[in-house]
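Overview (structure and organization)
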Amino acid sequence: MSDLFATPTAQSVFSLLILSILIAIGVWLVARFRGGTDEDREPGSEVLSNFEEMLREGDISPAEFRTIEAVVGEKLNSEAKDS
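The rules we used
Residues numbered from 1 in each chain as written. Predicted model: local features only at pLDDT ≥ 70, side-chain atom pairs only at ≥ 80, totals over all residues. Heavy atoms only, no water. Core = buried A, V, L, I, M, F, W, Y, C linked by side-chain atoms within 4.5 Å. Buried < 20%, exposed > 50% of the residue type's maximum accessible area, 1.4 Å probe, protein only. Helix = DSSP H or I, 4+ residues; strand = E, 2+ residues; numbered from the N terminus. Contact = heavy atoms within 4.5 Å. UniProt positions renumbered as here; feature names shortened; annotations may be inferred. pLDDT = per-residue confidence, 0-100.

- As annotated in an unreviewed UniProt entry, the protein chain is SHOCT domain-containing protein from Rosistilla oblonga.

**What about the nonpolar core?**
- Residues Leu48, Ile60, Phe65, Ile68 and Val72 constitute the largest nonpolar core, which totals 5 residues.
- By residue number, the principal contributor to this core is helix 4 (residues 62-82), which donates 3 residues.
- Residues in contact with isoleucine 68, not counting those within four places in the same chain, are Phe51 and Ile60.

**Looking at the UniProt feature "transmembrane region" (unreviewed entry) in the protein chain**
- Under the feature "transmembrane region" (unreviewed entry), the UniProt entry names residues 12-31.
- Helix makes up 100% of residues 12-31 and strand makes up 0%, while its end C-alpha atoms are separated by 28 Å.

**Regarding the confidence of the model for the protein chain**
- Of all residues in the protein chain, 80% attain a pLDDT of 70 or more, and the chain-wide mean is 83.
- When the elements of the protein chain are averaged for pLDDT, helix 2 (residues 37-40) gives the smallest value, 56, and helix 1 (residues 8-34) the largest, 92.

Now the structure itself:
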C-alpha cells in the first residue's frame, strides 16, 4: 500500500483530491455564513421611515433626505418589479 503513494502520479492525484476537498469545505463555509445576510436587511420602507425620523430630529437636512428618498425609492421600485 505504501508503494502506491510512492509514485509521483499517485502523490499528485492524492494531493489534488485533498485540495479539492478543502476548497469544497471552504466554499460551503462561505456560503453558509454569507447566505443569511439577506434575511438581516430591513425593508426599504422601514429604512425610509428611519430617515424621516432623522429629518424630523434635525440630524439630516431636507436636501439630504430628498437624495436618500430618491435612492431608496428606486430600490423599492426595483424590488417590487423583481417580486
